[in-house]
Amino acid sequence: MPVETASTPIHATQSKVQPMSTMTQVEQANAPLVASGTVSLAEGRWLITAAVMLATFMEVLDTTVVSVSLTHIAGSLSATPNEATWALTSYLVANGIVIPISGWLANRIGRKNLLLLSTAGFTIASLLCGIAPSMGLLVTFRAIQGACGGSLQPMSQAVMLEAFPPKEHGKAMAIWAMGAIVAPVLGPVLGGWLTDNFSWRWVFYINLPVGLLSIFMIKGFLKDPPYIRRSSAAVDSWGLATLVVWVAALQIMLDKGQEEDWFDSRFIVALAVAFVVGLLAWIARELNTQHPVADLRMFRNVPFAAGTVAMAVVGFVMYGGQISISLWLQTLLGYPSMQAGIAMMAMGIGAALAMPIASLLMHRFDPRKVFACGVLGIAFSFYQLMRFNLQVGYWDIFWPQFIQGVSIGLVAVPLMVLTMAFISKEKMGNATSLFNMMRNIGGGIGISLVGTMLTRLGQQHTNLLVAKITPFSPSAMRLLSGLRGLFAGSGPVLADHQAYAILFRLVQREASMVALVRVFQYLGILVLILIPLIALTKRPPKGQPSQPIAH
């Protein structure tokens, strides 16, 4: 393939091929990724970035953009709100199954082909979701959409790590993280605006122009590197089957657990058993087969293992914190969905501003120090959130979230670079697949567990507060007397009932507020676990290509 230097573009038809012996290691590493044409290596990197990030941003956005439209979808398709939630669950299940096998798929059909098929499939499935005439078909099309989109996150991350030289990996991961972390924050705002002003169907139609542009750019500017060799080995059918079992069981259990009252439900118990048995069988199979669908032996690489576990914790804390604030804004402060999304945009703004800064800081300081500063910033933001009450204003909500967004930016970029710093290019696709799988699992567990904690702690504190409302409590009696006075015109019996009902609702609101503060406290403590985890990683060589230690 014709290769050009960053300063002198060449044409595919008339070119002087630069001898490989005179090329730098960086040029050799990046040249295979740029398709033949009239672009320089530097230009090629940015075209590749635009191509893969368009698709990735679109896919990540769809994990949250539908959440605010469920009631509209249920009403339009004559379904219950409970049935409408399967439009989310089916997407997450299919997405979770495909993510860990993305590296394996790339080695079978080629990375470029996988990205093209995934983007095309996702775009077509989006169109089908938009025109779906029934809930059953919508759930089916959402599952197809999730399966097609599963490969986009890990493959785009792998492509960008290879398109940029090692000294620019911080910049590459800052751009990638904007799509992976900022998009879910923007999802509810965009989804609410489209649903309110047009129709819920436009939540899916908006993907069509983005998907078509991404397909055109991937086809024109991306090329498989020479070390992507298409495997003709037999399919690891047992590994694939056990993966489907445990991922599907886990995702459905997390999504439906609170609704089904967790382990008081036989359905949830059955899912838990299927998850544990399927996971153990999958691990045993993948560690003992020659051609696994997901190479778990990579976890022998201590920096990669530590970074991947840390990413799961980041996912737990980030998504757990988001769901806490979202529920608080909508259930306690009465914010409509779109306004709640706008109030939460502070986190996305902070993260978008911080990620380029994190990339620059990593050139001057040890990435582990930048990461540690980000962790302390997240812990501080939760301390600020613990001071919330039912009388807070917009700016009281804005600044702690902005600080948290900045801190997440300082955590995410160094973490991705440190985790992948010593992974060989041949293993990069598999590594990014496992990395993204752990982020999704951590986020799913965070959303489910935090939601359960808010409910259970709210019930616990309601009981504690109700126990203090007695005839011997002067403050409680004064409040009850004042409430009775408000409804005096209804008669003494009805006024008494109404006063007690209002008092109980006030107690529930205060109990929910206390529960929220407790959850913020737990998340702030949990995030500090990241500091000892990151100590197990190694600082990447400055300005030099990574030294592969995972084979």
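Engineer: Explain the overall build of the protein chain to me, please; I cannot follow it from the model alone.
Structural biologist: When helices and strands are tallied, the protein chain shows 23 helices and zero strands. Buried residues in the protein chain amount to 54% of all 551 residues. Here the contacts in the protein chain between residues at least 6 apart in sequence split such that 82% fall between residues at least 24 apart. Of the roughly 23,300 Å² of accessible surface on the protein chain, 66% is carried by carbon and sulfur atoms.

Engineer: Got a minute to help me understand the confidence of the model for the protein chain in this structure?
Structural biologist: Predicted coordinates in regions of low pLDDT should not be interpreted in detail. Of all residues in the protein chain, 86% have pLDDT values of 70 or greater, and the mean over the chain is 79. Overall, residues 1–31 carries pLDDT values under 50, and its contacts beyond four positions in sequence, including any with other chains, amount to 54 contacts. For the stretch residues 544–551, pLDDT sits under 50, and the model shows 20 contacts to residues farther than four places along the chain or on other chains.

Engineer: How should the packing of aromatic side chains be read in this particular structure?
Structural biologist: Aromatic rings considered in pairs are described by the distance between their centres and by the relative angle of their planes. On inspection of all chains with the given rule, the structure shows 17 aromatic pairs. Judged by centre distance (5.0 Å) and plane angle (85°), the ring pair of Phe398 and Trp399 falls under edge-to-face. Since its relative accessible area comes to 11%, Phe398 is described here as buried. These aromatic residues form a ring-pair network of at least three members: Trp193, Phe198, Trp202 and Tyr205.

Engineer: Would you mind going over empty space enclosed by the protein with me for this structure?
Structural biologist: The method is simple in principle: a probe with the dimensions of a water molecule rolls over the atoms, and the space it marks as empty is what remains. Here the structure, examined in full by the defined rule, presents three cavities of 30 Å³ or more. Size it by volume and the largest cavity reaches roughly 60 Å³. What lines the largest cavity is Gly96, Ile99, Trp246, Val247, Leu250, Gln251, Met437, Asn440 and Ile441. Residue assignment for the lining of the largest cavity shows that the elements contributing at least two residues are helix H13 (237–256) and helix H20 (428–466). Per element, the largest residue contribution to the lining of the largest cavity is four residues, and it comes from H13.

Engineer: Help me out: how do you make sense of the pattern of salt bridges in this one?
Structural biologist: Two side chains of opposite charge can pair, provided their charged atoms sit close to one another. Applying the stated criterion across every chain, the model contains two salt bridges. Ionic pairing is found between Arg297 and Asp295, a salt bridge with its closest N-O pair at 3.5 Å. For Arg297, a relative accessible area of 26% puts it in the partly exposed group. Residue Asp295 is classed as buried on the basis of its relative accessible area of 12%. Where Arg368 meets Asp366, a salt bridge forms, and the shortest distance between an N and an O atom there is 2.8 Å. Look at Asp366 and you get buried, because its relative accessible area is 11%.

Engineer: I keep staring at the nonpolar core and nothing clicks. Help me out?
Structural biologist: One finds Met173, Trp246, Trp328 and Leu530 to be the most contacted residues of the largest nonpolar core, which totals 115 residues. Element by element, the count of residues in this core is highest for helix H15 (residues 302–332), at 13 residues. With sequence-adjacent residues up to four places away left out, Met173 is seen in contact with Gln157, Met160, Leu161, Val413, Met416 and Val417.

Engineer: I keep staring at the packing of helix H6 (residues 102–109) against helix H7 (residues 111–131) and nothing clicks. Help me out?
Structural biologist: Axes are the key here: two packed helices are described by the angle between their axes and the distance separating the axes. In contact at an axis separation of 7 Å, H6 and H7 are set at 115° when each is read in the N-to-C sense. As judged from the angle between their axes, H6 and H7 are roughly perpendicular. When you trace H6 past H7, the crossing you get is right-handed. Contact with H6, carried on its side by Ser102, Leu105, Ala106 and Ile109, involves Arg111, Asn113, Leu114 and Leu117 of H7 and no other residues of that element.

Engineer: Looking at this model, I keep getting lost on helix H8 (residues 135–149). Mind explaining?
Structural biologist: Turn by turn, an α-helix covers 3.6 residues, leaving residues three or four places apart pointing in a common direction. In this model H8 runs 21 Å from its N-terminal to its C-terminal C-alpha over 15 residues, within 8% of the 21 Å that 1.5 Å per residue would give. All of the buried residues in H8 are Met135, Leu138, Val139, Phe141, Arg142, Gln145, Gly146, Cys148 and Gly149.

Engineer: I would appreciate a short explanation of the environment of Ser433 in the present structure.
Structural biologist: Structurally, Ser433 can be placed in helix H20. For Ser433 and Ile101, which are 332 residues apart along the polypeptide, the C-alpha to C-alpha distance reads 6.8 Å. At 3.0 Å, the side chain of Ser433 forms a polar contact with the backbone nitrogen of Gly103.

Engineer: Help me out: how do you make sense of the side chain of Thr537 in this one?
Structural biologist: Its place among the elements puts Thr537 in the segment after helix H23 (530–534). On the basis of relative accessible area, Thr537 is assigned to the buried category, the value being 3%. Polar contacts involving the side chain of Thr537 include one to the main-chain carbonyl oxygen of Ile534, which spans 2.6 Å. Other than its neighbours up to four places away in sequence, Thr537 contacts Pro303, Ala306, Gly307, Arg368 and Leu418.

Engineer: Before we go on, may I ask you to explain a nonpolar patch on the surface in this structure?
Structural biologist: On the surface, Phe263, Val269, Val273 and Val277 cluster together into a nonpolar patch covering about 360 Å² of accessible area. By the secondary structure assignment, Val273 is in helix H14 (residues 266–287).

Engineer: For this particular structure, what's the right way to read the packing of helix H9 (residues 152–163) against H20?
Structural biologist: Put simply, H9 and H20 touch, their axes get as near as 8 Å, and they point 130° apart. On the basis of the axis angle, H9 is oblique to H20. Of the two elements, H9 crosses H20, and the hand of that crossing is right-handed. Listed contacts from H20 to Gln153, Pro154, Met155, Gln157, Ala158, Leu161 and Glu162 of H9 are Met428, Gly429, Thr432, Ser433, Phe435, Asn436, Arg439 and Asn440. Looking at the contact of H9 with H20 residue by residue, the classes come out as six nonpolar, seven polar and two charged.

About the criteria used
Residues numbered from 1 in each chain as written. Predicted model: local features only at pLDDT ≥ 70, side-chain atom pairs only at ≥ 80, totals over all residues. Heavy atoms only, no water. Helix = DSSP H or I, 4+ residues; strand = E, 2+ residues; numbered from the N terminus. Buried < 20%, exposed > 50% of the residue type's maximum accessible area, 1.4 Å probe, protein only. Contact = heavy atoms within 4.5 Å. Areas by Shrake-Rupley, 256 points an atom, 1.4 Å probe, with all protein chains shown as cover. pLDDT = per-residue confidence, 0-100. Phe/Tyr/Trp six-rings, centres within 6.5 Å; stacked < 30°, edge-to-face > 60°. 1 Å grid on protein atoms, 1.4 Å probe; cavity = no way out; pocket = protein on both sides within 12 Å on 5 of 7 lines; lining within 4 Å. Points joined across faces, edges and corners; volume = space filled by probe spheres on them. Salt bridge = Lys/Arg side-chain N within 4 Å of Asp/Glu carboxyl O. Core = buried A, V, L, I, M, F, W, Y, C linked by side-chain atoms within 4.5 Å. Axes fitted to C-alpha atoms, helices over the stretch in contact; angles between N-to-C directions. Parallel < 35°, antiparallel > 145°, perpendicular 65-115°, else oblique. Left-handed = near helix turned anticlockwise from the far one by under 90°. Expected span 1.5 Å × (residues − 1). Polar contact = N/O pair within 3.5 Å; in protein donor to acceptor, adjacent residues only side chain to side chain. Patch = residues over 30% accessible without salt bridge, like charges linked within 9 Å, V, L, I, M, F, W, Y side chains within 5 Å. Nonpolar A, V, L, I, M, F, W, Y, C, P; charged D, E, K, R; others polar.

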